[in-house]
Structures are given as structure tokens and as C-alpha cells.
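So you can see what is in the structure, the chains are spelled out below.
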Amino acid sequence: MSAYRDAGLGLLGDPMRRAIFEMLARRPSSVRELADQLPISRPAVSQHLKVLKDGGLVAVRAEGTRRIYRLDPQGVGALRTWLDGVWEHALADFHKFVEQHATEEQP
């Protein structure tokens, strides 16, 4: 979860990084496979993958001469835990708001 404390959702703030993240959610891929589906170069895809990997959202494994990237379950799990906490807090605040206004409207 440290990546989210430090960078927030900034890791996914870039549209291309988000697209790469979503593509990897569907299936593990190489830089070439990702670049073939995006309007950016292979070096640009590699740079985005490095940011995602350094942030803990992506893992890589060697497969011959290729590197195959996939989502890192631990990093994605930490992101989900963080989002769940934010959502629970928002729901609790909404519940308090509704209760407060419901008691104000009763005669």
C-alpha cells in the first residue's frame, strides 16, 4: 500500500498508463503486444510499464528473450484495499448526512 500513500492514484492518472493497466488486466502481454494496440512507441510503453512496476501494480517475467508483463496481485490488492477504505468512509459520511437531515425534517 505504500505506493498509494506516496503517489495516490497518480500511477493511473495518465490515460496511456491506464490503457496499459486495463490491457494487462485482460491478459499478460509483451511490450510489443501492448505497443501494437496503442498509438505510442515501444519505448513509451516500456517507460509506462516501468512506472507501473515501480509503483507495485505490474510484475514482469522473462520468457525467452521477451519480457511478459502482468498485473501484480499484491499491488492491485493493496490498491483495492485503499479504494475500499475510501469508499467505506464516503458511505459512512453519506449515512451520517442522511440521518441528520432525516431527523431535521421530522416534525
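Everything numeric here is computed off the predicted structure, so don't read it as measured data.

Reading the values: the criteria
- Residues numbered from 1 in each chain as written.
- Predicted model: local features only at pLDDT ≥ 70, side-chain atom pairs only at ≥ 80, totals over all residues.
- Heavy atoms only, no water.
- Patch = residues over 30% accessible without salt bridge, like charges linked within 9 Å, V, L, I, M, F, W, Y side chains within 5 Å.
- Areas by Shrake-Rupley, 256 points an atom, 1.4 Å probe, with all protein chains shown as cover.
- Salt bridge = Lys/Arg side-chain N within 4 Å of Asp/Glu carboxyl O.
- Helix = DSSP H or I, 4+ residues; strand = E, 2+ residues; numbered from the N terminus.
- Expected span 1.5 Å × (residues − 1).
- Buried < 20%, exposed > 50% of the residue type's maximum accessible area, 1.4 Å probe, protein only.
- Arc of directions from axis to C-beta.
- Contact = heavy atoms within 4.5 Å.
- Polar contact = N/O pair within 3.5 Å; in protein donor to acceptor, adjacent residues only side chain to side chain.
- Pairing = 2+ DSSP bridges.

Asks: I'm lost on a nonpolar patch on the surface in this one. Help?
Replies: Among the surface-exposed residues, Phe-94, Phe-97 and Val-98 lie close enough to one another that they form a single nonpolar patch of about 300 Å² accessible area. Examined against the element boundaries, Phe-97 turns out to sit in helix H5 (residues 73-105).

Asks: What exactly am I supposed to notice about helix H4 (residues 42-54) here?
Replies: Every α-helix winds through 3.6 residues per turn, so residues three or four apart in the chain are directed the same way. When the terminal C-alpha atoms of H4 are compared, their 18 Å separation across 13 residues agrees well with the 18 Å that a helix rising 1.5 Å per residue should span. For H4, every residue scored as buried is listed here: Ala-44, Val-45, His-48, Leu-49 and Leu-52. An end-on view of H4 places all buried positions within 135° of arc, on one side of the element. Exposed side of H4, more than 90 degrees from the buried face: Pro-43, Gln-47, Lys-50 and Asp-54 are the residues found there. Buried residues along H4 sit in contact with helix H2 (15-26), helix H3 (31-36), strand S1 (58-63) and strand S2 (66-71).

Asks: For this particular structure, what's the right way to read the side chain of His-48?
Replies: Structurally, the position occupied by His-48 is in helix H4. Setting aside anything within four residues of it in sequence, one finds His-48 in contact with Asp-14, Met-16, Arg-17, Ile-20 and Ile-40.

Asks: Could you clarify how one ought to interpret H2 in this entry?
Replies: Between its first and last C-alpha, H2 extends 17 Å over 12 residues, near the 16 Å set by a 1.5 Å rise per residue. Listed as buried for H2 are Arg-17, Ile-20, Phe-21, Met-23 and Leu-24. One side of H2 holds all its buried residues, which, seen down the axis, span an arc of 165°. In H2, those exposed residues whose orientation departs by more than 90 degrees from the buried face are Pro-15, Ala-25 and Arg-26. Its side-chain oxygen placed 2.8 Å from the backbone nitrogen of Met-16, Asp-14 serves as the N-cap of H2.

Asks: I keep staring at the pairing of S2 and nothing clicks. Help me out?
Replies: For a regular strand, the rule is simple: side chains alternate between the two faces of the sheet. As paired strands, S1 and S2 are joined by six bridges and run antiparallel to one another. Bridge pairing in S2 links Ala-62 to Arg-67. The loop that links S1 with its antiparallel partner S2 comprises two residues; one of these, Gly-64, has a positive phi angle of about 70°.

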